[in-house]
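# Remarks on the overall topology
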Amino acid sequence: MKSPRERIVETTFELFTKQGYNSTGINQIIAEAEVAKASFYQYFKSKEDLCVEFLNVRHQYWFNELLTFSKQAPDPKSKIMYAFDFLIYMNKKESFRGCSFLNILSEIPTDNIKILDVIRSHKTDLRNYFLELLRDDVLSDHVYMLFESSIVESQLFRSNELIEKTKKILINLIP
């Protein structure tokens, strides 16, 4: 059996993904995770702290999946193409739920620095991933913006069509 902390985080992942951050209450998480209120507060002082943990766990999971997915690519250009194939894979796996970080971003106040810092860190790591592959600031940011817009548009239209079109653009964009 999983520990109370693991059950809380797992339940949070399910509820934040299904209902969103603002529509999910601590009492619902406690009830569905089948933990005592005292156990919840032993691990997390607030819903905000829980959200930070959720995003940190999501960050680790997402990047591990991306790196595993693209490790077979022989060169940087192929790794970029695999990154977009990874979006298609994740859309199928997670039913076009989009980016957990952007979904949370849309629900928090702009002055929630604690959560905002985690979101920025995730996006900075993604930008750096493309920069390490391409070694060109402008080109890597262009790819990053295409990647981010592909996430949003595929979520909006529940389709991978624009990701496939973006891959065609990338073939000509990346030397």
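Coordinates for the structure precede this section.
Conventions adopted
- Residues numbered from 1 in each chain as written.
- Predicted model: local features only at pLDDT ≥ 70, side-chain atom pairs only at ≥ 80, totals over all residues.
- Heavy atoms only, no water.
- Salt bridge = Lys/Arg side-chain N within 4 Å of Asp/Glu carboxyl O.
- Helix = DSSP H or I, 4+ residues; strand = E, 2+ residues; numbered from the N terminus.
- 1 Å grid on protein atoms, 1.4 Å probe; cavity = no way out; pocket = protein on both sides within 12 Å on 5 of 7 lines; lining within 4 Å.
- Points joined across faces, edges and corners; volume = space filled by probe spheres on them.
- Nonpolar A, V, L, I, M, F, W, Y, C, P; charged D, E, K, R; others polar.
- Polar contact = N/O pair within 3.5 Å; in protein donor to acceptor, adjacent residues only side chain to side chain.
- Contact = heavy atoms within 4.5 Å.
- Axes fitted to C-alpha atoms, helices over the stretch in contact; angles between N-to-C directions.
- Parallel < 35°, antiparallel > 145°, perpendicular 65-115°, else oblique.
- Left-handed = near helix turned anticlockwise from the far one by under 90°.

## What to know about the pattern of salt bridges
In the structure shown here, the tally under the stated rule is 10 salt bridges. The salt bridge partner of Glu53 is Arg5, with a shortest N-O separation of 3.2 Å. Note that Glu53 is positioned in helix α4 (residues 47-70) and Arg5 in helix α1 (residues 4-19), a separation of 48 residues in sequence. Its salt-bridge partner being Lys93, residue Glu65 comes within 3.8 Å of it at the nearest N-O pair. Of this pair, Glu65 sits in helix α4 while Lys93 sits in helix α5 (residues 76-94), and the two are 28 residues apart along the sequence.

## Concerning empty space enclosed by the protein
Over the atoms, a rolling probe the size of a water molecule traces out where space has been left empty. Scanning all chains against the criterion turns up one cavity of 30 Å³ or more. If you go around the largest cavity, you meet 15 residues; those closest to its centre are Trp62, Leu87, Gly98, Cys99 and Ile151. For the lining of the largest cavity, the secondary-structure elements that each account for two or more residues are α4, α5, α6 (100-105) and α8 (137-157). The element that contributes the greatest number of residues to the lining of the largest cavity is α5, accounting for four residues. Of the residues that constitute the lining of the largest cavity, the class distribution is seven nonpolar, five polar and three charged.

## Observations regarding the layout of surface pockets
Approximately 160 Å³ is the volume attributed to the largest pocket. Put simply, the parts of the chain that give the lining of the largest pocket at least two residues each are α1 and α4. Looking at side-chain class alone, the lining of the largest pocket contains four nonpolar, no polar and four charged residues.

## Some thoughts on the side chain of Thr24
Note that Thr24 resides in the loop between α1 and α2 (26-33). A distance of 2.7 Å separates the side chain of Thr24 from the backbone oxygen of Gly20, its partner in a polar contact. If sequence neighbours within four positions are ignored, Thr24 has contacts with Leu15, Phe16, Gln19, Ile29 and Lys47.

## Side note on the packing of α4 against α5
Running from N to C, α4 and α5 cross one another at 125°; their axes reach a closest spacing of 9 Å. Judged by the inter-axis angle, α4 sits oblique to α5. When the axes of α4 and α5 are compared, the crossing they make is right-handed. Along its contact with α4, which presents Arg58, Tyr61, Trp62, Glu65, Leu66, Phe69 and Ser70, the element α5 presents Lys79, Tyr82, Ala83, Asp85, Phe86, Tyr89, Met90, Lys93 and Glu94. Looking at the contact of α4 with α5 residue by residue, the classes come out as nine nonpolar, one polar and six charged.

Functional significance is not addressed by these values, which are geometric in nature.
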